[in-house]
Amino acid sequence: MEYVLIIISAIFVNNVVLSQFLGICPFLGVSNKLSTATGMSGAVCFVITLATVVTFLLNKYLLVPFGLEFLQTIAFILVIAALVQMVEIVLKKISPSLYQALGIFLPLITTNCAVLGVALSVVQKDFNLAQATVYAFATSLGYGVAMILFAGIREHLAQSDVPEAFKGLPIAFITVSIMAMAFLGFAGLV
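In this text, all values refer to a predicted model and were calculated from it rather than measured experimentally.

**Notes on the overall build of the protein chain**
Here is step 1 of the chain: Regarding its fold elements, the protein chain presents nine helices and zero strands.
Here is step 2 of the chain: Order of helices (α) and strands (β) in the protein chain, N terminus to C terminus: α-α-α-α-α-α-α-α-α.
Here is step 3 of the chain: Against the 2.2 N^0.38 benchmark of 16 Å for 190 residues, the protein chain shows a C-alpha radius of gyration of 17 Å, consistent with a compact globule.
Here is step 4 of the chain: Projected onto its principal axes, the C-alpha positions of the protein chain cover 60 × 45 × 25 Å.
Here is step 5 of the chain: Split into buried and exposed, the 190 residues of the protein chain put 42% on the buried side.
Here is step 6 of the chain: Summed over all atoms, the accessible surface of the protein chain reaches about 9,800 Å², with 72% contributed by carbon and sulfur.
Here is step 7 of the chain: Computed over 7 positive and 7 negative side-chain charges, the separation of the two mean positions in the protein chain equals 9 Å.

So this is what it looks like as structure tokens:
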């Protein structure tokens, strides 16, 4: 039951984008097309989960035993940067079309504060490895759910008759704010 609560909380109640406001830059930048948003969501899901597991182990077995907790942020950033480079190389080999579609946004995962935020949050919440992995995966799923929903709405808005003053980012910001209020309705679940 504890893991179910972690999953529901991470996806809906404490959505990393809509309630914690982490990862906004790639969220807004890649959400123009549903296909690109789906690919980016998959890449972010993989990186957040893997980075959280690696940083958890690094923190537990290296930083804490040697009293180097003050190096958490730097060490975590280095691990995330290395993992993103690995994902970029793998995507280039496995799916060149997705690699081309993501373009400049793939390196944005390195600076995506959602990845670092989840890794640091796991340490602050004092999770064990299983809880940390479930939390990281569920948080990344929440990121993906928000991004894919937003991309679908933006594709629909591109075909709609939006007043000139609201075209582009203004209507996107209004849409995200309404989505955030809608996700706030899940707050009573957990």
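**Quick look at helix α9 (residues 169-184)**
Here is step 1 of the chain: In this model, α9 (16 residues) spans 22 Å end to end at C-alpha, consistent with the 22 Å of a helix rising 1.5 Å per residue.
Here is step 2 of the chain: Those residues of α9 lying buried are I171, A172, T175, V176, M179, A180 and F183.

**What to know about helix α8 (residues 129-159)**
Here is step 1 of the chain: In a regular helix each residue adds 1.5 Å, so 31 residues correspond to 45 Å; α8 covers 45 Å between its end C-alpha atoms and thus fits that length.
Here is step 2 of the chain: Its side-chain oxygen at 3.1 Å from the backbone nitrogen of A130, N128 defines the N-terminal cap of α8.

**Description of the pattern of salt bridges**
Pairing of side chains with opposite charge becomes possible as their charged atoms draw close.
Here is step 1 of the chain: Summed over all chains, the structure comprises one salt bridge.
Here is step 2 of the chain: Taking the shortest distance from any N to any O, the salt bridge between K167 and E164 comes out at 3.6 Å.
Here is step 3 of the chain: Taking relative accessible area as the criterion, K167 reaches 44% and is therefore assigned partly exposed.

**Looking at the packing of helix α1 (residues 2-13) against α8**
Here is step 1 of the chain: Here α1 crosses α8 at 30°, and the two axes come no closer than 7 Å. Between α1 and α8, the angle falls in the class roughly parallel. Between α1 and α8 lies a crossing whose hand is right-handed. On the side of α1, the interface is formed by E2, Y3, I6, I7, A10 and I11, while α8 contributes A130, Q131, V134, Y135, A138, T139, L141 and G142.
Here is step 2 of the chain: Residue classes in the contact of α1 with α8 are distributed as 10 nonpolar, three polar and one charged.

**Observations concerning the confidence of the model for the protein chain**
Here is step 1 of the chain: Model confidence for the protein chain is summarised by a mean pLDDT of 89, while 97% of its residues fall at 70 or above.
Here is step 2 of the chain: When pLDDT is averaged over each element of the protein chain, α8 comes out on top at 95 and helix α6 (residues 105-108) at the bottom at 70.

**Details of the packing of aromatic side chains**
Here is step 1 of the chain: Following the criterion strictly, the structure yields five aromatic pairs and no others.
Here is step 2 of the chain: Ring plane angle 45° and centroid distance 4.9 Å describe the contact between F12 and F186, whose orientation is recorded as tilted. With F12 in helix α1 and F186 in the segment after α9, the pair connects residues that are 174 residues apart, well separated along the chain.
Here is step 3 of the chain: What makes F186 partly exposed here is its relative accessible area of 29%.

**Some points on the packing of helix α3 (residues 34-63) against helix α4 (residues 72-94)**
Packed helix pairs are characterised by how far apart their axes lie and by the angle those axes make with each other.
Here is step 1 of the chain: Between α3 and α4, whose axes approach to 9 Å, the crossing angle comes to 140°. One finds that α3 runs oblique with respect to α4. Where α3 crosses over α4, the handedness of that crossing is right-handed. Two secondary-structure elements touch here, α3 through A43, F46, V47, L50, A51, V54, T55, L58, N59 and L63 and α4 through Q72, A75, F76, V79, I80, L83, V84, M86 and V87.

**Quick word on the side chain of S41**
Here is step 1 of the chain: Mapped onto the secondary structure, S41 falls in helix α3.
Here is step 2 of the chain: Among residues more than four places away in sequence, those in contact with S41 are G144, M147 and I148.

**Thoughts on the nonpolar core**
Here is step 1 of the chain: L18, F27, I109 and Y143 are the most contacted members of the largest nonpolar core, which has 49 residues in total.
Here is step 2 of the chain: Tallying contributions element by element places α3 first for this core, with 10 residues.
Here is step 3 of the chain: The residues touching Y143, leaving out its near neighbours within four places in the chain, are N15, V16, V17, L22, G23, P26, F27, V44, N112 and A114.

Conventions used here
Residues numbered from 1 in each chain as written. Predicted model: local features only at pLDDT ≥ 70, side-chain atom pairs only at ≥ 80, totals over all residues. Heavy atoms only, no water. Helix = DSSP H or I, 4+ residues; strand = E, 2+ residues; numbered from the N terminus. Rg over C-alpha atoms; globule rule 2.2 N^0.38 Å. Buried < 20%, exposed > 50% of the residue type's maximum accessible area, 1.4 Å probe, protein only. Areas by Shrake-Rupley, 256 points an atom, 1.4 Å probe, with all protein chains shown as cover. Lys, Arg positive; Asp, Glu negative; His and termini not counted. Charge placed at Lys NZ, Arg CZ, Asp CG, Glu CD. Expected span 1.5 Å × (residues − 1). Polar contact = N/O pair within 3.5 Å; in protein donor to acceptor, adjacent residues only side chain to side chain. Salt bridge = Lys/Arg side-chain N within 4 Å of Asp/Glu carboxyl O. Axes fitted to C-alpha atoms, helices over the stretch in contact; angles between N-to-C directions. Parallel < 35°, antiparallel > 145°, perpendicular 65-115°, else oblique. Left-handed = near helix turned anticlockwise from the far one by under 90°. Contact = heavy atoms within 4.5 Å. Nonpolar A, V, L, I, M, F, W, Y, C, P; charged D, E, K, R; others polar. pLDDT = per-residue confidence, 0-100. Phe/Tyr/Trp six-rings, centres within 6.5 Å; stacked < 30°, edge-to-face > 60°. Core = buried A, V, L, I, M, F, W, Y, C linked by side-chain atoms within 4.5 Å.

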